[in-house]
Amino acid sequence: MRLHQVKVEYDAEQDRLLMRVSTASSEEALLWLTRRCVMRLWPLLVSFAESEPQIAARAADPLTKRALFEFQHEKALRQASFSKAYEETDRARPLGDHPVLIARLQRRKTEDGRMVLGMLPAEGQGIFLTLDAPLLHGLMKLLQGAVEKAEWGFTLKLPSLEPPGSKEGAPTLN
């Protein structure tokens, strides 16, 4: 099934993120992402992005790798569409009408090298998303915005160009 739209929003009553994934064939999956799940999902998504051939093949040192990451992130976000609202239409829901609580994450590569993310409950069926660059980086942006609204006490940060261990304004000792 071809992906149509993804929406991630904070539900204050549940204190969870609701992820809605719709397909071009008019199906939809509803998924609950807890704080703990998001904290495990984020490093997985970052590692997916860092393993993209454009980054992994050319990144000999950490600064180059982070610069390439930022470049690829911005490029992918330009290809994604955030201006179109999630279409609120009736869709078939093969996983049920109530959101599935995601308890397990799986990662694998397809034969052609694309990343696949499995989002699964403790028992039963979940979904598998094949993540091309726009979807991967778009999902990262959606998660960042939803976590900010959730006020869970942490932020989802992208790898920065600042060298590890350095702090702005800290003096350099020789």
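Higher on the page you've got the structure.
Residues numbered from 1 in each chain as written. Predicted model: local features only at pLDDT ≥ 70, side-chain atom pairs only at ≥ 80, totals over all residues. Heavy atoms only, no water.

(A) Examining the packing of aromatic side chains more closely. Summed over all chains, the structure comprises 2 aromatic pairs. Ring centres 6.1 Å apart and planes at 85° place the aromatic pair Tyr10 and Trp152 in the edge-to-face group. A residue pair is termed long-range when its members are at least 10 positions apart, and Tyr10 in strand β1 (residues 3-11) and Trp152 in the segment after α4 (133-150) qualify at 142 residues. By relative accessible area, which is 9% here, Trp152 ends up buried. Aromatic ring contacts, followed pair by pair, group Tyr10, Trp152 and Phe154 into a single cluster. (Phe/Tyr/Trp six-rings, centres within 6.5 Å; stacked < 30°, edge-to-face > 60°. Helix = DSSP H or I, 4+ residues; strand = E, 2+ residues; numbered from the N terminus. Buried < 20%, exposed > 50% of the residue type's maximum accessible area, 1.4 Å probe, protein only.)

(B) Structural detail: unusual backbone geometry. One non-glycine residue, Asp15, lies in positive phi territory at about 50°. By the secondary structure assignment, Asp15 is in the loop between β1 and β2 (16-23). Note on Asp15: relative accessible area 40%, which makes it partly exposed. For Ser26, which is not glycine, the phi torsion reads 60° and is therefore positive. Mapped onto the elements of the fold, Ser26 is located in the loop between β2 and β3 (28-33). Relative accessible area serves as the criterion here: at 41%, Ser26 is assigned to the partly exposed category.

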